[in-house]
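Here are the chains, one letter per residue:
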Amino acid sequence: MSSGGTNLSKYVNEIEKRRTFAIISHPDAGKTTLTEKFLLYGGAIAMAGAVKGKKAARHAVSDWMEIEKQRGISVTSSVMQFHYEGYCINILDTPGHQDFSEDTYRTLMAADSAVMVIDAAKGVEPQTRKLFKVCLLRDIPIFTFINKMDREARNPYDLLDEIEYELGIKTYPMNWPIGCGKEFKGVYDRNKKEIIAFRANDEMANGQRQVAAIEADLSDPNLAELIGEEHRQTLVDDVELLDGAGYEFDLEAVRHGRLSPVFFGSALTNFGVEPFLEDFLHMTTPPLPRKSDSGEIDPFGDDFSAFVFKIQANMNKAHRDRVAFMRICSGRFEKGMEVLHVQGDKRMKLSQPQQLMAQEREIVDEAYAGDIIGVFDPGIFSIGDTISMPGKKFRFEGIPTFAPEHFALVRQVDTMKRKQFIKGTSQIAQEGAIQIFQELGGGMEEVIVGVVGVLQFEVLEYRLKNEYNVDIHMDMLPYEHIRWIENEGLDPKTLNLTSDTKRIQDLKGNYLLIFANSWSINWALEHNEGLQLAEFGR
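Rules used throughout
Residues numbered from 1 in each chain as written. Predicted model: local features only at pLDDT ≥ 70, side-chain atom pairs only at ≥ 80, totals over all residues. Heavy atoms only, no water. Axes fitted to C-alpha atoms, helices over the stretch in contact; angles between N-to-C directions. Helix = DSSP H or I, 4+ residues; strand = E, 2+ residues; numbered from the N terminus. Parallel < 35°, antiparallel > 145°, perpendicular 65-115°, else oblique. Left-handed = near helix turned anticlockwise from the far one by under 90°. Contact = heavy atoms within 4.5 Å. Nonpolar A, V, L, I, M, F, W, Y, C, P; charged D, E, K, R; others polar. 1 Å grid on protein atoms, 1.4 Å probe; cavity = no way out; pocket = protein on both sides within 12 Å on 5 of 7 lines; lining within 4 Å. Points joined across faces, edges and corners; volume = space filled by probe spheres on them. Buried < 20%, exposed > 50% of the residue type's maximum accessible area, 1.4 Å probe, protein only. Arc of directions from axis to C-beta. pLDDT = per-residue confidence, 0-100. Pairing = 2+ DSSP bridges. Phe/Tyr/Trp six-rings, centres within 6.5 Å; stacked < 30°, edge-to-face > 60°. Lys NZ or Arg CZ within 6 Å of the ring centre and 35° of its normal. Expected span 1.5 Å × (residues − 1).

Whenever I open this one, the packing of helix α11 (residues 418-430) against helix α12 (residues 455-468) confuses me. Can you help?
To describe two helices that pack against each other, one gives the angle between their axes and the distance between the axes. α12 packs onto α11 with a crossing angle of 125° between their chain directions and a minimal axis gap of 10 Å. Here α11 lies oblique to α12, going by the angle between them. The two elements α11 and α12 cross, and the hand of that crossing is right-handed. Residue-level contacts link Gln-420, Lys-423, Gly-424, Thr-425, Gln-427 and Ile-428 of α11 to Leu-460, Arg-463, Leu-464 and Tyr-468 of α12. Split into classes, the residues belonging to the contact of α11 with α12 amount to four nonpolar, four polar and two charged.

Even after reading the chapter, I still don't get empty space enclosed by the protein, so can you show me in this structure?
Rolled over the atoms, a probe sized like a water molecule indicates the empty space that remains. As enumerated under the stated definition, the model contains three cavities of 30 Å³ or more in all. Taken as a whole, the largest cavity spans an internal volume of roughly 70 Å³. Met-174, Asn-175, Val-187, Asp-189, Asn-191, Ile-196, Phe-263, Gly-272, Pro-275, Phe-276 and Asp-279 are the residues that line the largest cavity. Among the secondary structure elements, those contributing two or more residues to the lining of the largest cavity are β8 (186-189) and α10 (273-283). Top contributing element to the lining of the largest cavity by residue count: α10, with three residues. Its residues placed into classes, the lining of the largest cavity shows six nonpolar, three polar and two charged.

How should I be thinking about the environment of Leu-525 in this particular structure?
Of note, Leu-525 is situated in helix α13 (residues 518-527). The class of Leu-525 is partly exposed, set by a relative accessible area of 37%. Placed 30 residues apart in sequence, Leu-525 and Leu-495 show a C-alpha to C-alpha distance of 10.0 Å.

In this structure, what is going on with helix α5 (residues 126-138)? I would like to understand it.
Restricting attention to buried positions, one finds in α5 the residues Gln-127, Thr-128, Leu-131, Phe-132, Val-134, Cys-135 and Arg-138. The buried side chains of α5 occupy one side of the element, clustering within an arc of 160° when seen end-on. Opposite the packed face of α5, turned more than 90 degrees from it, sit the exposed residues Pro-126, Lys-133 and Leu-137. Just downstream of α5 lies Asp-139, where phi reads positive at about 60°.

Can you help me understand the confidence of the model for the protein chain in this one?
A low pLDDT means the predicted coordinates there should not be read in detail. Residues at a pLDDT of 70 or more form 84% of the protein chain, whose mean pLDDT is 81. Averaged pLDDT values over the elements of the protein chain bottom out at 50 in helix α3 (residues 66-71) and peak at 95 in strand β23 (residues 386-388). Note on residues 71-77: pLDDT under 50 across the span, and 36 contacts to partners over four residues away in sequence or across chains.

Where do I start with the sheet that holds strand β25 (residues 435-439) in this structure?
Backbone hydrogen bonds hold the strands of a sheet together, and the pairing may be parallel or antiparallel. Strand order in the open sheet formed by eight strands is β27-β24-β26-β25-β29-β30-β28-β31, with antiparallel pairing between adjacent strands. Strands with a single pairing partner mark the edges of an open sheet, and in this sheet they are β27 (472-477) and β31 (533-534). Strands β24 (406-412), β25, β26 (446-451) and β27 of the sheet are contacted by α11, whose axis makes an angle of about 150° with β24. The sheet contacts of α12 involve β24, β26 and β27, and relative to β27 the element is tilted by about 165°.

What's the story with the packing of aromatic side chains in this structure? I'm lost.
The geometry of two aromatic rings is summed up by the distance between their centres and the angle between their planes. Tallied over the full model, the rule gives 16 aromatic pairs. Taking the centre distance of 5.9 Å and the plane angle of 80° together, the rings of Phe-21 and Phe-38 count as edge-to-face. Placement of the pair is Phe-21 in strand β1 (residues 18-25) and Phe-38 in helix α2 (residues 31-41), with a sequence separation of 17 residues. For the pair shown, Phe-21 and Phe-38 are each scored as buried. Between Phe-184 and Phe-271, the ring centres sit 5.5 Å apart and the planes meet at 90°, which makes this aromatic pair edge-to-face. With Phe-184 in the loop between β7 (175-178) and β8 and Phe-271 in the loop between β11 (259-264) and α10, the pair connects residues that are 87 residues apart, well separated along the chain. Both residues of the pair, Phe-184 and Phe-271, belong to the buried class. Over the ring of Tyr-172 we find Arg-190, and its NZ or CZ is 4.5 Å from the ring centre.

What should I look at first to understand the environment of Val-364 in this one?
Take Val-364: it is sitting in the loop between β20 (360-363) and β21 (366-368). Look at Val-364 and you get buried, because its relative accessible area is 5%. Spatially, the C-alpha atom of Val-364 lies 8.4 Å from that of Glu-334, the residues being 30 residues apart in sequence. Among all residues touching Val-364, those that are not within four sequence positions of it are Lys-335, Pro-353, Gln-354, Gln-355 and Ile-373.

Please explain the packing of α2 against α10 as it appears in this structure.
Across the interface, α2 lies against α10 with an axial gap of 10 Å and an inter-helix angle of 80°. One finds that α2 runs roughly perpendicular with respect to α10. Residue-level contacts link Leu-34, Lys-37, Phe-38 and Tyr-41 of α2 to Val-273, Glu-274, Phe-276 and Leu-277 of α10.

I tried to follow the environment of Ile-15 on my own but got confused; where do I start?
If you trace the backbone, Ile-15 turns up in helix α1 (residues 5-17). For Ile-15, a relative accessible area of 0% gives the class buried. C-alpha separation for the pair Ile-15 and Tyr-368, spaced 353 residues apart in sequence, amounts to 6.1 Å. Ile-15 has contacts with Pro-286, Pro-287, Pro-299, Phe-300, Gly-331, Tyr-368 and Ala-369, leaving out every residue within four places of it along the chain.

When you look at unusual backbone geometry in this model, what are you seeing that I'm missing?
When glycine is set aside, most residues are seen to have a negative phi, and most peptide bonds are trans. Its identity is not glycine, yet Lys-148 carries a phi of approximately 65°, on the positive side. Mapped onto the elements of the fold, Lys-148 is located in the loop between β5 (142-147) and α6 (156-167). Phi at Asp-345 is positive, roughly 50°, even though this residue is not glycine. Tracing the backbone shows Asp-345 in the loop between β17 (338-341) and β18 (346-349).

What am I meant to see in helix α8 (residues 229-245) here?
In this model, α8 (17 residues) spans 24 Å end to end at C-alpha, consistent with the 24 Å of a helix rising 1.5 Å per residue. Here α8 has its buried residues at His-231, Leu-235, Asp-238, Val-239 and Leu-242. On an axial view of α8, the arc spanned by its buried residues comes to 100°, and they lie on one face. Facing away from the buried side of α8, by more than 90 degrees, are the exposed residues Glu-230, Glu-240, Gly-244 and Ala-245.

What follows is the structure, encoded as C-alpha cells:
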C-alpha cells in the first residue's frame, strides 16, 4: 500500500466508515425482518419480503438453506453489506432458531457490537440469555430493539426491569412507546424531544417500503388530537419519571456493554427502524483492535490480517464448494495478494474473494478492516485460523469450542461407504456444525457426534445423504454435559468415575468426559483430587 497522503487518508477513511454488528434474538422475535428493513433503507433491496409463514412464495432475503426455507427459520449465519449515510455496514445475521446456537456464538466473535431484538409481548427468552453471555465475554456494546409494538405488548417498565434483572445490564430508553397494539400511537424521541406518530392505516404500513413520520413535541396544543388526551397525559408522566429516576446516558458505559440503549418500534410495519439505525451508527465505533499472541492488532495498521470464524459448504447447489468466512481485523485486502495461512504455515493467494448477500455473491477487488469476506476453501482452513502478511506471523486469540448438549452414536449403514462417511463427517465437523468424538483408541467407523442443538442432527443426516450419498444410523445417547480434561499427561483410564460417565477423545487427541447429569460431574471432581475440568475447549 502506498503511504502517499491521499491514499493514506482514503484508507483511514474507509476503515472509519465500517460498522460490523450481529443481530441476536430468540426465534420469531423479528430478527430477519429487522435485517431486511436495514437493507431496505440502505437501498440494497427494493422491497422487503415479508417473513410470513412457510406458504409465502417470497422467502425472506436472508434465509437460504433448504431446511430454512421449509421451516421459515435462519439456520446458517449469513453476511450482508450495505451503505447508508456515508457508513459501510456489515450485518452478521445469526441463526435465531434455538437449535443453531454454536454458529451464532462464533459469529459474535466477528462482530464489534450486537443488536438484541426482543419481542415486546414475550420479553427476554432463553436463546437471548445464552447469546448475551457470549457478548459479555467480548466486552462489546449491546443495543436493544423492542419489537412488535404494533401488537399487544407488556408494560415497557416491566420489559426494562426484566432486561436489567435477567441479563445484568443497565438500560437507557432512547425513545418511549405511546400505547401498544391497536392503540399504538408512536414513540417519543427523548433526545430530540419530539413525537414520531405511527399511522397504522397507511398503505405503506405493510412495511414493504419506507414509512413517513409525523413529528410533534410535548408542548404542542394539537398533541391530544394526534395521540388522544389519555395517551398524552400518560406520556407526560412517563417522560418526567424517566428523566428523574432513570440512569444517566453514558456513552463509555454503552461501548463496554454496561448500559444498553433501548429502542421501541415495529420492524414489520417499518416503524422506528430508521431512527434506530441512525442512533446506532452514531454511538458505535469503527472496527476495534483484536487480541493476539503479539499483543493487540490495530485495525488501522498497514498490514492485512484476518481470522476464520465460519466455514460453510455447498451454499449453491450449482457448484459444490466450501467457503471460509473471514473477518478482516487490520489493513486492506486486495484481490490476488499473497498472504500467510499461519496454522498451515503456508503462503497462498485467497481465491475467489467474495462478499455475500444471502445467496447472491459478488467478487470483491478490495476490502478493509471490519469487512467480512468469503474465500474458496480447498479444505485447509479451520475455525479460528489466522491469516497474516508473509513475514508477519502471529495468531489471533482462538475461538472457544462451545460445549455440545446432545450426543448420538453415528455410523454408516453401508460399510462400503466408509471413505465417504469419514470425509463427510470430518468436513462438516471442520465447518464447526458438529463436534466429533471417539471412544478411547476407537476408529472412525463409528463416532460420537455432539451438537449444541438437536436440529443439527437433522442437518447432518440431510447433508451426508445429499452431498456425500451416505445413509447413516443414529442412536441418541443419554448424556447432557461434556467437560474437557485440563490436566496435562493424565490418563483418563485412571480416573474414578460413575458408571454412567464416558471417557472419550476429540480429533485433536484431547481427552474429555461426558456425563449423564451434573451430579456425576461433582462426583468426578470429589473423587479425583486435582482433576481440572473445563466447559470450553481451546
